[in-house]
Amino acid sequence: MKPIVEFCISNIANGSQETFEKLERDPNLDVLEYGCLSYCTKCSESLYALVNGEIVEADSPEELTQKVYEFIEENPLF
């Protein structure tokens with residue numbers, strides 16, 4: 001089972017598109033895009049993604065990418 005990384009379309013538009021595109025190219029991840037993930041406050045304040053249902057947030061796309069991979073490494077599915 002692959003880790004699931006979910007993005008809100010509004011957060012992609014607000015700056016996390018670079019992270020979305022990088023992670024989408026990783027064959028070891030399932031990367032999904034939704035119209036809304038119902039975390040509007042987080043969405044307006046920072047860049048974030050849901051990784052296996054947990055919020056991972058950062059101030060830049062590069063940092064978000066790094067934090068997503070760190071979260072996956074620290075929290076294996078098995």
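Preceding block: the structure.
In short, a report on the structure.

Definitions and limits used
- Residues numbered from 1 in each chain as written.
- Predicted model: local features only at pLDDT ≥ 70, side-chain atom pairs only at ≥ 80, totals over all residues.
- Heavy atoms only, no water.
- Pairing = 2+ DSSP bridges.
- Helix = DSSP H or I, 4+ residues; strand = E, 2+ residues; numbered from the N terminus.
- Axes fitted to C-alpha atoms, helices over the stretch in contact; angles between N-to-C directions.
- Contact = heavy atoms within 4.5 Å.
- Salt bridge = Lys/Arg side-chain N within 4 Å of Asp/Glu carboxyl O.
- Buried < 20%, exposed > 50% of the residue type's maximum accessible area, 1.4 Å probe, protein only.

## Topic: the sheet that holds strand β3 (residues 47–51)
Now for step 1: Spatially, β2-β1-β3-β4 is the arrangement adopted by the 4 strands of the open sheet, whose pairing is mixed. Each edge of the open sheet carries a strand with a single partner, namely β2 (30–34) and β4 (54–58). For this sheet the average axis-to-axis angle between neighbouring strands, irrespective of direction, equals 30°.
Now for step 2: Looking at chain direction, strand β1 (residues 4–8) and β3 are connected through 2 bridges and run antiparallel. Residue E6 lies in a different strand from β3, and its bridge partner there is L50.
Now for step 3: Contacting β1, β2 and β3, helix α1 (residues 9–24) crosses the sheet at an angle of about 150° to β1.
Now for step 4: Sitting on the sheet, helix α3 (residues 61–74) touches β1, β3 and β4, and the angle it makes with β4 is about 145°.

## Here's the deal with the pattern of salt bridges
Now for step 1: Tallying each qualifying case throughout the model produces 3 salt bridges.
Now for step 2: With its nearest N and O atoms 3.3 Å apart, the salt bridge here joins E18 to K22. Placement of both E18 and K22 in helix α1 is noted, with a separation of 4 residues, approximately one turn of the helix.
Now for step 3: Note on K22: relative accessible area 36%, which makes it partly exposed.
Now for step 4: Of the charged contacts in the structure, one is a salt bridge between E63 and K67, with a shortest N-O distance of 3.4 Å.

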